Amino acid sequence: MSSIIHGAGAATALSTFNPVDSKKLTNLSVRSQRYIVAGSEASKKKSFGSALTVRHSQKLIPNAVATKEADTSTSTGHELLLFEALQEGLEEEMDRDANVCVMGEDVGHYGGSYKVTKGLADKFGDLRVLDTPICENAFTGMAIGAAMTGLRPVIEGMNMGFLLLAFNQISNNCGMLHYTSGGQFTIPVVIRGPGGVGRQLGAEHSQRLESYFQSIPGIQMVACSTPYNAKGLMKAAIRSENPVILFEHVLLYNLKEKIPDEDYICNLEEAEMVRPGEHITILTYSRMRYHVMQAAKTLVNKGYDPEVIDIRSLKPFDLHTIGNSVKKTHRVLIVEECMRTGGIGASLTAAINENFHDYLDAPVMCLSSQDVPTPYAGTLEEWTVVQPAQIVTAVEQLCQ
Amino acid sequence: MALSRLSSRSNTFLKPAITALHSPIRRHVSTDTSPITIETAVPFTSHLCESPSRSVETSSEEILAFFRDMAQMRRMEIAADSLYKAKLIRGFCHLYDGQEALAVGMEAAITKKDAIITSYRDHCTFIGRGGKLVDAFSELMGRKTGCSHGKGGSMHFYKKDASFYGGHGIVGAQIPLGCGLAFAQKYNKDEAVTFVLYGDGAANQGQLFEALNIAALWDLPAILVCENNHYGMGTATWRSAKSPAYFKRGDYVPGLKVDGMDALAVKQACKFAKEHALKNGPIILEMDTYRYHGHSMSDPGSTYRTRDEISGVRQVRDPIERVRKLLLSHDIATEKELKDMEKEIRKEVDDAVAQAKESPVPDSSELFTNMYVKDCGVESFGADRKDLKVTLP
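Worth saying up front: this structure is predicted, and the values here are computed from it rather than measured.

**Describing the overall build of chain B**
A tally of helices and strands in chain B yields eleven helices and twelve strands. The burial tally for chain B puts 58% of its 393 residues in the buried class. Contacts spanning at least 24 positions in sequence make up 72% of the contacts within chain B whose residues lie at least 6 apart. Taken as a whole, chain B presents about 15,900 Å² of accessible surface, with 53% of it coming from carbon and sulfur.

**What to know about the overall build of chain A**
Counting its secondary structure elements, chain A contains 16 helices and 14 strands. Per-residue burial for chain A yields a buried fraction of 61% across its 400 residues. Of the roughly 14,600 Å² that chain A leaves accessible, carbon and sulfur atoms contribute 54%.

**Some words on the confidence of the model for chain B**
Residue and element names in this part refer to chain B. Here chain B averages 88 in pLDDT, and 87% of its residues register 70 or above. Segment residues 1-30: pLDDT under 50, and 40 contacts once partners within four positions in sequence are set aside and those in other chains are kept. Listed scores for the predicted complex are pTM 0.81 and ipTM 0.80.

**What to know about the UniProt feature "domain: Dehydrogenase E1 component" (unreviewed entry) in chain B**
The sites that UniProt annotates as "domain: Dehydrogenase E1 component" (unreviewed entry) are residues 69-363 of chain B. Annotated as 46% helix and 11% strand, the span residues 69-363 of chain B places its first and last C-alpha atoms 34 Å apart.

**Digging into the interface of chain B and chain A**
Counting from both sides, the interface comprises 47 residues of chain B and, opposite them, 59 residues of chain A. At the boundary of chain B with chain A, total buried surface from both sides reaches about 4,500 Å², with 64% on carbon and sulfur atoms. Considering only the side of chain B, the residues that lose the most area to chain A are Y187(B), Y372(B) and V373(B), jointly responsible for 17% of the buried surface there. For the pair chain B and chain A, the number of links is zero salt bridges. For the pair chain B and chain A, the number of links is 15 residue pairs in polar contact (both at pLDDT 80 or more).

**Examining helix α5 (residues 174-187) of chain B**
The end-to-end C-alpha distance of α5(B), which contains 14 residues, comes to 19 Å, matching closely the 20 Å that a straight helix rising 1.5 Å per residue would cover. In the stretch just after α5(B), K189(B) is the one whose phi turns positive, near 55°.

**Remarks on the sheet that holds strand β6 (residues 220-223) of chain A**
Residue and element names in this part refer to chain A. Overall, mixed pairing links the seven strands, which are arranged β3-β2-β4-β5-β7-β6-β12 in an open sheet. Each of the sheet's edge strands pairs with one partner strand only, and the pair in question is β3 (129-131) and β12 (313-315). Here the average twist between neighbouring strands, direction ignored, is 20°.

**A short note on helix α10 (residues 319-329) of chain B**
All names here are of chain B. Within α10, eight of the eleven residues are buried, leaving the element largely enclosed by the surrounding structure. Buried residues of α10: P319, I320, E321, V323, R324, L326, L327 and L328, and no others. Contacts made by the buried residues of α10 are with β1 (35-39), α1 (60-85), α2 (100-109), α8 (263-280), α9 (307-317) and α11 (335-358). Sitting at the amino-terminal end of α10 is D318, which places a side-chain oxygen 3.2 Å from the backbone nitrogen of I320. One or two steps after α10, the chain reaches D331, where phi turns positive at roughly 60°.

**A closer look at the packing of helix α5 (residues 82-96) of chain A against helix α11 (residues 227-239) of chain A**
All names here are of chain A. Between α5 and α11, whose axes approach to 8 Å, the crossing angle comes to 30°. In terms of their interaxial angle, α5 and α11 are classed as roughly parallel. Taken as a pair, α5 and α11 cross one another with a handedness that is right-handed. Each of L82, A85, L86, E88, G89, L90, E92, E93 and R96 in α5 lies in contact with α11, whose residues at this interface are P227, A230, K231, M234, K235, I238 and R239.

**A look at the pairing of β1(B)**
All names here are of chain B. With burial as the criterion, only one face of β1 is covered, namely that bearing I36 and I38; the residues P35, T37 and E39 on the opposite face remain uncovered. Both β1 and strand β3 (residues 55-59) contribute to a ladder of five bridges, which runs antiparallel. Opposite P35, over in β3, you have S59 as the bridge partner.

**Some details on the UniProt feature "domain: Transketolase-like pyrimidine-binding" (unreviewed entry) in chain A**
UniProt records the feature "domain: Transketolase-like pyrimidine-binding" (unreviewed entry) at residues 80-255 of chain A, using the numbering of this structure. Helix makes up 36% of residues 80-255 of chain A and strand 18%, with an end-to-end C-alpha separation of 8 Å.

**A few points about the side chain of S138(B)**
All names here are of chain B. In this structure, S138 sits in helix α4 (residues 133-140). A polar contact of 3.3 Å, which involves the side chain of S138, links it to the side chain of T145. Leave out the neighbours within four places in its chain, and S138 touches R143, T145, G146, A356 and S359.

**As for the packing of helix α12 (residues 288-301) of chain A against helix α16 (residues 388-398) of chain A**
All names here are of chain A. Relative to each other, α12 and α16 sit at 55°, their axes nearing to 8 Å. With respect to their mutual orientation, α12 and α16 come out oblique. Taken as a pair, α12 and α16 cross one another with a handedness that is right-handed. Together, H291, V292, Q294, A295, T298 and L299 of α12 and P388, I391, V392 and V395 of α16 make up the contact between the two elements.

Calculation criteria
Residues numbered from 1 in each chain as written. Chains lettered and ligands numbered in written order. Predicted model: local features only at pLDDT ≥ 70, side-chain atom pairs only at ≥ 80, totals over all residues. Heavy atoms only, no water. Helix = DSSP H or I, 4+ residues; strand = E, 2+ residues; numbered from the N terminus. Buried < 20%, exposed > 50% of the residue type's maximum accessible area, 1.4 Å probe, protein only. Contact = heavy atoms within 4.5 Å. Areas by Shrake-Rupley, 256 points an atom, 1.4 Å probe, with all protein chains shown as cover. pLDDT = per-residue confidence, 0-100. UniProt positions renumbered as here; feature names shortened; annotations may be inferred. Buried area = accessible area lost by both parts, 1.4 Å probe. Salt bridge = Lys/Arg side-chain N within 4 Å of Asp/Glu carboxyl O. Polar contact = N/O pair within 3.5 Å; in protein donor to acceptor, adjacent residues only side chain to side chain. Expected span 1.5 Å × (residues − 1). Pairing = 2+ DSSP bridges. Axes fitted to C-alpha atoms, helices over the stretch in contact; angles between N-to-C directions. Parallel < 35°, antiparallel > 145°, perpendicular 65-115°, else oblique. Left-handed = near helix turned anticlockwise from the far one by under 90°.

Okay, structure coming up:
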């Protein structure tokens, strides 16, 4: 049972945002430096938008997916499913740092309800992979308390919807303790779990919690969508000193992809360029990315050239990537799975309108799920979420 | 502060043997450390465990330290009361006077490696953990030099280097946090324990029982201390709890009921609990205590209880008076010495208040600091997007 701690040295060496991090990253180091440039130049500018002009001279890095595939000549990589990618990321981080532990319902002996923690209990023991009783409030609070002393727990909500029971702990303690203690305590927890609309799981098991958590100050939210970014975001989230909520999707666990053999992480605040284009910017995340790509096939056949960006970072938004895209295409469509009211799309619409109003040729359109509890019947459930046909129609409408 | 109720026999005990004790409070009180054994006034009641002995090992030095620390805490709370009425402290201010014995008794039994976490009635616990008066007052008045840099307020005092984890505003939310601290201690094999303090009001929270279950299941070194001051804001325990025997509520978790106004009994119980928790897992301590002020400064404290009740407790069970009587009856100090000590403490507290009043308020850039660790170079704007702007480091 490896519960020996390597001391403070291990913890301080972990730094996601260090540009000189020796991990092999395709485009991370350049991107993170951009933020620092923004800070110093923008003090003379009034709006965020104009600050971008300073950096516009730098070449846009092409989309992450393409760059990665071009790499196949150097290393073979290995193919796996998304839940295996999450597991690999988790296992590597647990190997790397003895402070990382996992807490959740049935994560240990059962292997996790979606097999993300399969095999970890056998490898790391009961003290590092903890099967909790069914008490989200208590075990989330416990993980936060443990994090105050320096442990790095990964909390699994069996379904994100269950974390509503832990809302008090997430909002008041997780998000706020770093601030209210004047910086004395850091809360390096990762809260993860599957959410989103599945296959007829019923209303209570099809919730999208990103809309509820988005205004909690002090936390970061990311949503993974491919095995590559799932592993990268999991590792980055564990290494981050801030509390991170990692949203996975029930229907994406069996996606297969080839990922690099070597160690890599994904920047937590960065959006992913899925398909560069010229006519319209489509912003999406999680499962809707696949609906958008499906719609993109139809759109390309019809002669449109959509630029698809997977925003990945739900809090804070990567306004840099999004802004550059808006300045190029002048049209924005947001496709999300959140509800219409108060969802991520609503906040993103507001942010884009505020910051990039001058660059828009058409109003920002947002396609979201209907404001209803997700029904059980298959046909009704289909109508609750955005379908590719609706995306195609929306693009045609915007591009008139 | 005219606590002039003295036992009649103390005056004649001004003997030269005690002149060595006549030392200003600033010098470390160099009294006898040879052990004295004192019986607690009230026996312990236990549930699923053996009671500790009623004979408490202590020393003159310790009892004098109790007096000094409790007098300081009492003075601090009274000063906070006046500051609140002068509108220098705003918002919520929950005062601990009457309950000081708990803070000092606990400290006497533990080390700084043991962790304490409590609710919003945290001023005295912070001082007990080694917090400075001036830090406390600065934080209460929202100054930059406060223990949380003015961003926490009365309910959010923390002291990481003394393992004091706060200071929490939501009733009962600190209980799972505390069990998490105990979990980390077990994980790191610290051989230390965590004292999780909560009130009789919080004892009805579901998260207490959730946390108790996990703590007992995983054998965590957690000591759950119910500070039973008999009122959850305006609701007395008989009106809020079907079973007001809070030490028994743990069911499978052993419990002990302690006279919380007796610092020595508290010390004995905490010592016992620490030994128990390190070997056998969680234990509940119910401290029978009382608060003189209302729930907070906006509560007069007399609509749900009678003034006679309050003054009755003050006369019979006041923790400072109890220790004063002990000191006088055991010839550890004279009445005059104690009065001088109290005067010194009053001055100390007044100085701290004055110093805190002078300290600066946080400047506007502090609004955005400590949101995130290494705030990732994000720009942050004020509401008008023009003037108040900062780049997070």
